[in-house]
Protein chains: 2
Amino acid sequence: MIPTGGPPFKPRAGSAALLPFPWYGVPHVAEQTSTVRVALAERSYDIQIGSGNLSGLSAFLRHRSSSGHAVLVTDTTVDGLYADQLGDELAEQQWEVQVLVVEAGEQSKAIEVATELWETMLAEGTDRQSLVLAVGGGVVGDLAGFVAATFARGLEFFQVPTTLLAQVDSSVGGKVGINLPGAKNMVGAFWQPQGVLIDVDVLQTLPAREYRAGLAEVVKYGVILDADFFAYLEDHRDAIQAQDPTALRYVVERCCRLKADVVAADERETTGLRAVLNYGHTFAHALEAAGNYGALLHGEAVAMGMMCAARLAARLGRMDQALVDRQQALLEAWQLPLTLPDYPGEELVNLMYRDKKVAAGQLRFVLPDRLGHVEVVGDVRVDDVLAALQ
Amino acid sequence: MIPTGGPPFKPRAGSAALLPFPWYGVPHVAEQTSTVRVALAERSYDIQIGSGNLSGLSAFLRHRSSSGHAVLVTDTTVDGLYADQLGDELAEQQWEVQVLVVEAGEQSKAIEVATELWETMLAEGTDRQSLVLAVGGGVVGDLAGFVAATFARGLEFFQVPTTLLAQVDSSVGGKVGINLPGAKNMVGAFWQPQGVLIDVDVLQTLPAREYRAGLAEVVKYGVILDADFFAYLEDHRDAIQAQDPTALRYVVERCCRLKADVVAADERETTGLRAVLNYGHTFAHALEAAGNYGALLHGEAVAMGMMCAARLAARLGRMDQALVDRQQALLEAWQLPLTLPDYPGEELVNLMYRDKKVAAGQLRFVLPDRLGHVEVVGDVRVDDVLAALQ
């Protein structure tokens, strides 16, 4: 049997709440939301982006589901900030709610935690008519999505991402999963949500370091897909750093739109198109693995990985040094750490070979040739990879 | 971490084999195979049914996959009979092969076993270009299919079912999964194979009790979908009992065709059509659970469950007693046990409420009204259910 150890989450019966939301009744929802449609035939869904729109969650769910039972999965950090109140609010709106709280942090993306979620859901009477609602960052979304994809062969799934990284990246596209020891996201599925509700106001409680890490993925979209967006980021870097709501809603919407279009064209990463989203990620995953997923935030590793990829592209003569410098200037303006930890280069290369994106034993890199355009490059010499790590 | 305990399987590197197959070179494959196409748009696939066609496995795989690496999952019983040799044969045909052997029996459909498979596959260099090949009965197919569905977010999957039950039922339709304690198939996915190769000759080594259990599902297809097929079974009951190859190939092909058509019309059990396949199964799952999945074979529980369902249908005035008697006569001719174990009726009803097919807390039964036609009935009184258990 699975060892239980300390309970990583606490089930809690839904109950009527007496506390109103701080934003309850504020009539600005309609004006301040926009919608990005992810076009995936019968799996199409909406991403609603706004400020203060969290109060409309019940209506958002009811519009897209006939379920009356929500399994709300969150973590110990987000529970006290938003999820606890959201659960109460749903219960007040006649939902049957179970709130399942896992420990905050990457270590919750584990088989043992998924197992305890499955077993608790079974014990609490979850059935095929229930839905799973992830309220949290990428870890909660990936874990809850995997549990939704597999419980009773698949439940409806909704997301309320509460970190910038989850809002612009991990909540879009249907990738869900858990880690194996030493191999991130090695067990998982493609499981599209029925809807994603993004309230940028929740980022006000996000630690500054996590906000900055999310900005690394924002920069990524500009480099790989959209030169105009990159220029917008340069022009608005102070407003974005200050979390100006208007700039932030635009940034999140633009990133979701860019990613949604890529996902629509290559849902299951089979044509190679979706691979462009992995810019910087072959390096980043190795850096994260070398630090046992504890030293760097994912976005910080992505910032470093994008610098490695840009240096590699320049070294191979695929790209101008000027673009390497522009990317570096933007990342530095947002105080992203760009100096790699002191891991041996050979160790990092070995870790890259364990990446899921290795095809038939060959390392592949997503490399820019100009702003807004990348290509997947397969025939890279290990020497050049090692040099790009410097 | 997951406790390892005794290793439930042994990984083995693929190596060139010197032993020819017993059927190697026998030129009767083409004449004795037929193909059932499962029509699921881009997930369509073939079921090839024959006698002695196992020797064509490598070609069957190559025709449908560009992979050169097969993770062959089997159990301790089938390994020595067929899987070991098949692995050697594939290695001889230039496949890279890992054979992973789990303990025979339902207890291998468990998270701990799936976890060890995932971790061994990772350690052995399995990547997105690998395929998973299940060689065995329903347990092996369901477990290997779940691992295929989830490793690196999904690998190609092939099946060589070696029990009658797996050949006529569990290898068709894409349901894969593992059990939670007390809840069968509670964690899983819909994951269609790229191909299924059925050789009825392998049934010669199947224990008589398991063969009989498989015949229960065969009877099911006649009752729910095909009165002519039911009459064929009555007319050929001795030939079928004696495993006459011609009769057997026809039976397997007909069952696969019937199930494939249902699956094509309702792949994910969303329209209610696929529910007809659950005739007898609400009762059967409760009987299996009451015996901790150790007292009855699934097919034996299905035989008992079909008798309960038929009695319930007659009691509700939906069906003639004559059909109850015809079904009973056929099941008895094949020596299927029809007397229920001595479990309290209330316990069985409670177990039925835990079934995945419960909709909004209401028990539902698939009940025949005439031979070849069933309906899903939702408003059944517990008194009538208890009476049908007698």
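Reading the values: rules and limits
- Residues numbered from 1 in each chain as written.
- Chains lettered and ligands numbered in written order.
- Predicted model: local features only at pLDDT ≥ 70, side-chain atom pairs only at ≥ 80, totals over all residues.
- Heavy atoms only, no water.
- Domains from an automatic or database assignment.
- Contact = heavy atoms within 4.5 Å.
- Buried area = accessible area lost by both parts, 1.4 Å probe.
- Salt bridge = Lys/Arg side-chain N within 4 Å of Asp/Glu carboxyl O.
- pLDDT = per-residue confidence, 0-100.
- Helix = DSSP H or I, 4+ residues; strand = E, 2+ residues; numbered from the N terminus.
- Buried < 20%, exposed > 50% of the residue type's maximum accessible area, 1.4 Å probe, protein only.

Caption draft 1: Structural context of the domain arrangement of chain A. Residue and element names in this part refer to chain A. Domain annotation of chain A identifies domain 1 (11-205) and domain 2 (208-388). Between the C-alpha centres of domain 1 and domain 2 the distance comes to 26 Å. Taken together, the 33 residues of domain 1 in the interface contact 31 residues of domain 2. Taken over both partners, the interface formed by domain 1 and domain 2 buries close to 2900 Å², and the fraction arising from carbon and sulfur atoms is 61%. Applying the counting rule to domain 1 against domain 2 returns 4 salt bridges. Across the pair K175 and E269 runs a salt bridge whose closest N-O atoms are separated by 3.1 Å.

Caption draft 2: Representation of the confidence of the model for chain A in the model. Residues and elements named next belong to chain A. Averaged over every residue, the pLDDT of chain A is 90; the share at 70 or more is 90%. Taken together, the stretch residues 1-30 has pLDDT below 50 and engages in 60 contacts with residues farther than four places along the chain or on a different chain. Interface scoring of the predicted complex returns ipTM 0.87; its pTM is 0.88.

Caption draft 3: Summary view of the pattern of salt bridges. Residues and elements named next belong to chain A. Tallying each qualifying case throughout the model produces 38 salt bridges over all chains. Here K109 ties to D142 by a salt bridge, and the two come within 2.8 Å at their closest N and O atoms. Of the two residues, K109 is situated in the loop between β5 (96-102) and α3 (111-123) and D142 in helix α4 (residues 138-150); the sequence distance between them amounts to 33 residues. In this structure, K109 and D142 share a single accessibility class: buried. R326 is the salt-bridge partner of E234, the closest N and O atoms lying 2.8 Å from each other. Of this pair, E234 sits in helix α7 (residues 227-235) while R326 sits in helix α12 (residues 321-333), and the two are 92 residues apart along the sequence. Given the relative accessible area of 26%, E234 is considered partly exposed. A single network of salt bridges, built from pairs that share partners, joins R315, R381, D383 and D384.

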